[in-house]
Amino acid sequence: MLKDRITGAKALMRALQAEGVKTIFGYPGGAIMPVYDALFDYTRGEKKCFDHILVRHEQGAAHAAEGYARVSGEVGVALVTSGPGVTNTLTGIADAMMDSTPIVVIAGQVAISALGTDAFQEVDLVGVSQPISKWSYQIRHAEDVAWAVSRAFYIARSGRPGPVVLDFARNAQVEEIDWEPCKVDFIRSYVAYPQLNNDAVRAAAEIINNAKKPLALVGQGVELGNAQEELKAFLEKADIPAGRTMLGLSALPSNHPLNVGMLGMHGNYAVNLKEQECDVLIAIGMRFSDRVTGNLKTYAKQAKVIHLDIDKSEIDKNVKTDVAVVADCKVSLPAITELLQANNHQEWRDSFKTLDEKERTKVIEPAIHPQNGPLLMGEVVNAVAEQTPDDAILVTDVGQNQLFATRYFKYHHKRSLCTSGGLGTMGYGMPAAIGATFGAPQRQVCCFMGDGGFQMCIEELGTIMEQQAPVKMILMNNHYLGNVRQWQDMFWQRRKSFTKMLNPNYELIAQGYGIPYQAVTDRKDLGAAIEKMLATTGPYILECAIMEDDDVLPMTPPGMNVNDMMLEV
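Report on the accompanying structure. Because the structure is predicted, anything quoted here is derived from the model rather than measured.

A closer look at the packing of aromatic side chains
Within this structure, the stated rule accounts for 14 aromatic pairs. Measuring from centroid to centroid gives 5.9 Å for Y154 and Y190, while their planes differ by 85 degrees, and the two rings are edge-to-face. Taken together, the residues Y154 in helix 7 (residues 145-157) and Y190 in the loop between strand 8 (176-178) and helix 9 (198-209) connect sequence positions 36 residues apart. Among the aromatic residues, those joined into a ring-pair cluster are F25, Y68 and F438. Seen from the ring of F40, R44 lies directly overhead, with NZ or CZ sitting 3.9 Å from the centre. The cationic tip of K274 hangs over the ring face of F352; the distance from NZ or CZ to the ring centre is 5.6 Å.

Re the nonpolar core
Among the nonpolar cores identified, the biggest contains 67 residues, and L281, F288, Y299, F448 and I474 are the most heavily contacted of them. L281 has contacts with L215, L217, F288, Y299, A300, A303, K304, V305 and I306, leaving out every residue within four places of it along the chain. In this structure, I6, V145, A156 and V164 belong to the second largest nonpolar core, which totals 43 residues.

Notes on the pairing of strand 9 (residues 214-218)
One face of the sheet, then the other: side chains in a regular strand alternate in exactly this way. Across the five residues of strand 9, five count as buried, placing the element largely inside the fold. On strand 9, burial covers both faces: P214, A216 and V218 on one face and L215 and L217 on the other are all buried. The sheet contact formed by strand 9 and strand 12 (residues 280-284) spans five bridges and is parallel. Across the sheet, V218 pairs through a bridge with I284, a residue of strand 12. Relative to strand 10 (residues 242-244), strand 9 runs parallel, the two being bridged by three bridges. Paired with V218 across the bridge in strand 10 is R244.

Re the sheet that holds strand 20 (residues 540-545)
Reading across from one edge, 16-15-17-18-20-19 is the order of the six strands in this open sheet, with parallel pairing throughout. The open sheet is flanked by strand 16 (417-418) and strand 19 (517-520), the only strands paired with a single partner. Inspection of the sheet shows strand 18 (residues 471-477) paired to strand 20 by six bridges, in the parallel sense. The residue bridging L475 from the neighbouring strand is E543, located in strand 20. Taken strand by strand, helix 23 (residues 526-535) contacts strand 17 (445-450), strand 18, strand 19 and strand 20, and its axis lies near 165 degrees from that of strand 20.

Quick look at the packing of helix 3 (residues 58-72) against helix 18 (residues 429-439)
Look at helix 3 against helix 18: their axes get within 6 Å of each other, and the N-to-C directions meet at 45 degrees. Relative to helix 18, the element helix 3 is oriented oblique. In this structure, helix 3 crosses over helix 18, and the sense of that crossing is right-handed. Here G60, H63, A64, G67, Y68, V71 and S72 of helix 3 come into contact with helix 18, specifically with P431, A432, G435, A436, F438 and G439. Its residues assigned to classes, the contact of helix 3 with helix 18 comprises seven nonpolar, six polar and no charged.

Focus: the side chain of N503
Its location among the elements puts N503 in the loop between helix 21 (482-491) and helix 22 (506-512). A distance of 2.8 Å separates polar atoms of two side chains, one belonging to N503 and the other to Q455. One polar contact links N503 to N477, side chain to side chain, over a distance of 3.1 Å. If near-sequence neighbours (up to four positions away) are discounted, N503 is found in contact with D451, Q455, N477 and H479.

Remarks on the sheet that holds strand 9
The strand order across the open sheet formed by six strands is 11-10-9-12-13-14, and the pairing between neighbours is parallel. Both outer strands of the open sheet, strand 11 (259-262) and strand 14 (323-326), are each paired with one neighbouring strand and no more. Each adjacent strand pair in this sheet contributes to an overall mean axis angle of 15 degrees, direction not counted. Packed onto the sheet, helix 11 (residues 228-238) meets strand 9, strand 10 and strand 12 and runs at close to 170 degrees relative to strand 12.

What about the environment of Y513?
When you line up the elements, Y513 lands in the loop between helix 22 and strand 19. Among the residues examined, Y513 registers a relative accessible area of 25% and is labelled partly exposed. The spacing of Y513 and I177 is 336 residues in sequence and 44 Å in space, taken between C-alpha atoms. Contact partners of Y513, with chain neighbours within four places excluded, come to I458, E459, L461, G462 and M465.

Basis of the calculations
- Residues numbered from 1 in each chain as written.
- Predicted model: local features only at pLDDT ≥ 70, side-chain atom pairs only at ≥ 80, totals over all residues.
- Heavy atoms only, no water.
- Phe/Tyr/Trp six-rings, centres within 6.5 Å; stacked < 30°, edge-to-face > 60°.
- Helix = DSSP H or I, 4+ residues; strand = E, 2+ residues; numbered from the N terminus.
- Lys NZ or Arg CZ within 6 Å of the ring centre and 35° of its normal.
- Core = buried A, V, L, I, M, F, W, Y, C linked by side-chain atoms within 4.5 Å.
- Buried < 20%, exposed > 50% of the residue type's maximum accessible area, 1.4 Å probe, protein only.
- Contact = heavy atoms within 4.5 Å.
- Pairing = 2+ DSSP bridges.
- Axes fitted to C-alpha atoms, helices over the stretch in contact; angles between N-to-C directions.
- Parallel < 35°, antiparallel > 145°, perpendicular 65-115°, else oblique.
- Left-handed = near helix turned anticlockwise from the far one by under 90°.
- Nonpolar A, V, L, I, M, F, W, Y, C, P; charged D, E, K, R; others polar.
- Polar contact = N/O pair within 3.5 Å; in protein donor to acceptor, adjacent residues only side chain to side chain.

See the structure below:
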């Protein structure tokens, strides 16, 4: 029998195909050229099984892979060269690690005979990436390709998802082997799905059944575990109001009667204050970030804390728990729900309404329905949200645009939000939106950016132009690094140190890339401009001239208690 003898580069193609990969975001270079030569045949003709999206910067490849993964639920893939090619992806890898996003970054490397010689474009990728990835591995021989790729995808997508890095030595790309497929679905030292502890389930259910003022904190773990329906059943049976973290916003529809708003520094007023009043706090797939808890010394000291998480390392890391249920929430939620008594907490839920109305009067209405003056970010986001389909995907950059957008967009379907939460990466928005259009091609993708973040990955307009990726880009231009400016005004005696920006002519930039563009300076033109943007096939840039000192409120000052939330400056 003739053996199927192929190179390591072609083995990579087959291994990716076996993992169901359909889209690759990448940028070629010297140390990865054998792989790109193999890729040629797999992106055209009868053999075609991949779409390769040529980005304009390797950081864009990593963020695009993130956006793809976040909306599709699949593993995003980035393919880059060695040295500066892969170091450019490190921000995206760290971002994916912080936000539990499953991506696999495959990078070229010098041949193993040259390792340690400071060869051209050599960098110790495994050493650099280990602290910011779930697994980092160097493929030194072609015979390891099938195993390494299968293991990488298993680690990236299983348990608490995250980024995996494969460092592919050049000699391993060109060596020939007898192809043998490999499927990794078990690693002895890696417990992806902890076994559910029934005693913990019973203890959690008992506490919830006896609660008078329960409050659920819903994180992205619900989305990652595809447990949106299990969450609803849990909340509805016990009549528990639920706040959502920023990354967990689309885990529960905006219009669900038990949704009481967004948690955190710039979240909603009532739910943040009620964290300090509830008698039982149920954290579901969230990590008690400092942006949610504020001052840990005073956070929810009156409450019994139940923490549901798949990652044992999150238990007691920031907040001491009374009961920990360590398991996939798709398993733990229905197990607890089965033991819950049907309940009615109407009086407790009604107590949120006065605080909600206070925020609506002082903050929300002035932000989304101003009567005069320049455009505000809140009204732009609200106006876009009112015209987009229910299944639209929100992508944001980082800064004020992110905080306004996540607050005022509407979430009706799961996996409707791509934003950089833990790392707070400016420049994330545009490439993540490109990835989202490939991950969910049937859904409308709206990307909100400030003028600072827009310029951090502005080169990806070239990718949008080439792919005609239908990203609706809403550029909220206030000529400032707005979030830093707000903090300077509030906490640094208004000393605006290097936050004012001299911006280019974005209309000319849009023309250069052949992307339709419109500018809005008057609110009377906003609705029609949004309608035109959404009706236009392909990409679009809508630039909105925003009031320079527009502030995001409410706000819990850094280091303060969550109930010190400010409704006005």
